[in-house]
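For reference, the chains in residue letters:
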Amino acid sequence: MSNLTDSSHPTRPAIAWIGLGIMGSPMSENLIKAGYQVTGFTLEQDKLDRLAAAGGSAAGSIAEAVRDADVVITMVPASPHVEAISYGPDGILENAKQGALLIDMSSITPQTSVDLAKAAKDKGIRVLDAPVSGGEAGAIEAVLSIMVGGEQADFDQAKPILEALGKTIVLCGPHGSGQTVKAANQLIVAVNIQACAEAVVFLEKSGVDLQAALDVLNGGLAGSTVLTRKKDNFLNRDFKPGFRIDLHHKDMGIVTDAARNVGAALPVGAVVAQLVASLRAQGDGGLDHSALLRAVERLSGAQV
């Protein structure tokens with residue numbers, strides 16, 4: 001994957017980055033800090049300006065961004081977006097060079113990843129599905145957990161790049177496996193947030209000092225990365241999105257559908273999926289997923 005300028009000084013692969021949202025912007029900037037040349041494309045001009053200010057190059061189209069890239073990384077919201085940027089005359093597969101490696105870091109259905117890998121293979125493009133966990137904070141701090149599906153050789157080539165973005169990087173199996181593990185991740189996170197939200201309302205209605213209670217809970221078996229990351233959201237009722245309810249709603253649809261396909265029962269997950277859907281229906285889709293607290297407050301009689 002590296003271009004050798006001479007036998008002893010390999011140059012880093014040129015990277016195209018498609019999708020510069022809450023996650024994509026800080027992730028692409030971490031690659032720039034690690035010394036990679038990054039050319040980006042996204043729909044919002046201010047995000048392109050941010051990339052350029054960080055030392056990257058802004059492209060005017062997907063085709064322009066991927067044309068000379070050794071590695072193309074995509075980070076967009078859902079399966080339809082991945083399909084929109086990948087297929088068609090203006091998409092990645094028609095415009096990336098043969099032998100390029102496409103790393104899709106979006107959270108999408110496992111089947112979309114399998115189909116993309118198959119279509120890309122016909123174009124001589126290799127694919128990894130590499131969704132992440134850790135939210136906005138994990139993206140900024142480059143401590144994401146990255147679950148990967150695809151070929152071992154492609155994973156080995158991608159690993160130095162992924163190491164600039166995350167801390168726990170694991171090949172989980174063939175194409176689509178990364179997405180399956182991410183679906184399980186989103187199930188665990190949603191149920192965990194819901195349990196924390198119920199505890200918060202219970203503690204507050206009981207008149208307990210919430211800060212003290214959450215500190216001691218987080219030091220024991222009830223402690224979790226979710227509680228560490230979301231404690232301040234609960235305490236301050238700060239639901240500025242690190243990961244939007246809209247996206248978690250999409251992910252709960254993925255996990256409940258995939259589980260049904262393989263014959264796995266998700267009784268608690270199904271309930272939490274409905275609570276996420278309900279929160280979205282009440283107009284809170286743009287808030288952080290810690291806003292599940294608002295749904296519990298409403299059920300407990302509060303006007304929020």
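About the thresholds
- Once a new chain begins, its residue numbering starts again from 1 and follows that chain's sequence as written.
- Where totals are concerned, whole chains, interfaces and linings use all residues; where local detail is concerned, this predicted model gives features only for residues with pLDDT of at least 70, and gives and counts side-chain atom pairs only at 80 or more.
- Only hydrogens and water are set aside when side-chain values are computed; all heavy atoms of the structure are taken into account.
- UniProt positions are given in the numbering used here, feature names are shortened, and annotations may be inferred rather than shown by experiment.
- Note on conventions: DSSP H or I runs of at least 4 residues are helices, E runs of at least 2 residues are strands, and numbering of each starts at the N terminus.
- Radius of gyration: over C-alpha atoms. The globule rule applied is 2.2 Å multiplied by the number of residues raised to the 0.38 power.
- Between buried and exposed lies partly exposed: a residue is buried under 20% and exposed over 50% of the maximum accessible area for its type, with that area taken using a 1.4 Å probe on protein chains only.
- We call two residues contacting when some pair of their heavy atoms lies within 4.5 Å.
- Where each domain starts and ends comes from a domain assignment, either automatic or drawn from a database.
- As a working definition, buried area equals the accessible area (1.4 Å probe) given up by two parts on being put together, with both sides summed.
- Here, a salt bridge means any Lys or Arg side-chain nitrogen found within 4 Å of an Asp or Glu carboxyl oxygen.
- DSSP-based pairing: two strands are paired if at least 2 bridges between them are found.
- Here a crossover is taken to be right-handed if, once the strands point away from the viewer, the path from the first strand over the helix to the second is traced clockwise.
- The pLDDT value expresses, per residue, how confident the predictor is, ranging between 0 and 100.

If you look the chain up in an unreviewed UniProt entry, it shows as 2-hydroxy-3-oxopropionate reductase from Streptomyces diastatochromogenes. Recorded in UniProt under Sequence similarities (unreviewed entry), the annotation for the chain is "Belongs to the HIBADH-related family."

Caption draft 1: Highlighting the overall build of the chain. When helices and strands are counted, the chain shows 14 helices and eleven strands. The C-alpha radius of gyration of the chain comes to 20 Å, within 12% of the 19 Å expected for a compact globule of 304 residues. When burial is assessed residue by residue, the chain has 49% of its 304 residues classed as buried. Here the contacts in the chain between residues at least 6 apart in sequence split such that 65% fall between residues at least 24 apart.

Caption draft 2: Structural context of unusual backbone geometry. Despite not being glycine, Ala142 shows a phi value in the positive range, around 60°. Take Ala142: it is sitting in the loop between helix H7 (135–141) and strand S10 (144–149). By relative accessible area, Ala142 is classed as partly exposed at 22%. Unusually for a residue other than glycine, Arg237 sits at a positive phi of about 50°. Of the residues examined, Arg237 reaches a relative accessible area of 29% and is grouped as partly exposed.

Caption draft 3: View of the domain arrangement of the chain. Domain parsing of the chain yields domain 1 (15–173) and domain 2 (181–300). Centre-to-centre separation of domain 1 and domain 2, based on C-alpha positions: 28 Å. In this complex, domain 1 contributes 18 residues to the contact, which on the side of domain 2 involves twelve residues. Carbon and sulfur atoms make up 59% of the surface buried where domain 1 meets domain 2, a total of about 1100 Å² over both sides. Taken together, the connections running from domain 1 to domain 2 amount to one salt bridge.

Caption draft 4: Structural context of the UniProt feature "domain: 3-hydroxyisobutyrate dehydrogenase-like NAD-binding" (unreviewed entry) in the chain. Those residues carrying the UniProt feature "domain: 3-hydroxyisobutyrate dehydrogenase-like NAD-binding" (unreviewed entry) are residues 176–295 in this numbering. Spanning residues 176–295, this segment combines 75% helix with 0% strand, and its end C-alpha atoms are found 33 Å apart.

Caption draft 5: A look at the UniProt feature "active site" (unreviewed entry) in the chain. Mapped onto this numbering, the UniProt entry gives "active site" (unreviewed entry) at Lys182. Looking at where Lys182 falls in the secondary structure, it is placed in helix H9 (residues 177–205). With near-sequence residues (within four places) excluded, Lys182 lies in contact with Ser107, Pro131, Val132 and Met147.

Caption draft 6: View of the pairing of strand S4 (residues 38–41). Of the two faces of S4, the one carrying Val38 and Gly40 and the one carrying Thr39 and Phe41 are both buried. Note: strand S3 (residues 15–18) against S4, four bridges, orientation parallel. Each residue of the ladder has a partner; that of Ile18, found in S4, is Phe41. Once you follow S3 into helix H1 (residues 24–33) and on to S4, the crossover reads as right-handed.

Caption draft 7: Region of interest: the confidence of the model for the chain. Per-residue confidence for the chain gives a mean pLDDT of 96; residues scoring 70 or more make up 97%. Confidence over residues 1–9 falls short of pLDDT 50; this stretch has 14 contacts with residues more than four positions distant or in other chains.

Caption draft 8: Main features of the pairing of strand S8 (residues 126–129). As defined by bridge partners, strand S7 (residues 101–104) adjoins S8 across four bridges and the pair is classed as parallel. Considered in S8, the bridge of Leu102 is made with Val127. Once you follow S7 into helix H6 (residues 110–122) and on to S8, the crossover reads as right-handed.

Caption draft 9: Focus on the side chain of Asn233. Along the chain, Asn233 turns up in helix H11 (residues 225–236). Using a relative accessible area of 13% as the deciding quantity, one classes Asn233 as buried. Once residues within four sequence positions are removed from consideration, Asn233 is found in contact with Asp238, Phe239, Asp288 and Ser290.

Caption draft 10: Examining the pattern of salt bridges more closely. Counted according to the given criterion, the structure contains 15 salt bridges. Close ionic contact of Arg229 with Glu141 constitutes a salt bridge, the shortest N to O distance being 3.4 Å. Separated by 88 residues along the polypeptide, Arg229 in helix H11 and Glu141 in helix H7 bring together distant segments of the chain. Residue Glu141 is classed as partly exposed on the basis of its relative accessible area, which comes to 47%. Of the charged contacts, one joins Asp288 and Lys230 as a salt bridge, the two residues approaching to 3.1 Å between their closest N and O atoms. You can see Asp288 sitting in the loop between helix H13 (267–284) and helix H14 (292–299) and its partner Lys230 sitting in helix H11, a full 58 residues away along the chain. Residue class for Asp288 comes out buried when judged on its relative accessible area of 1%.

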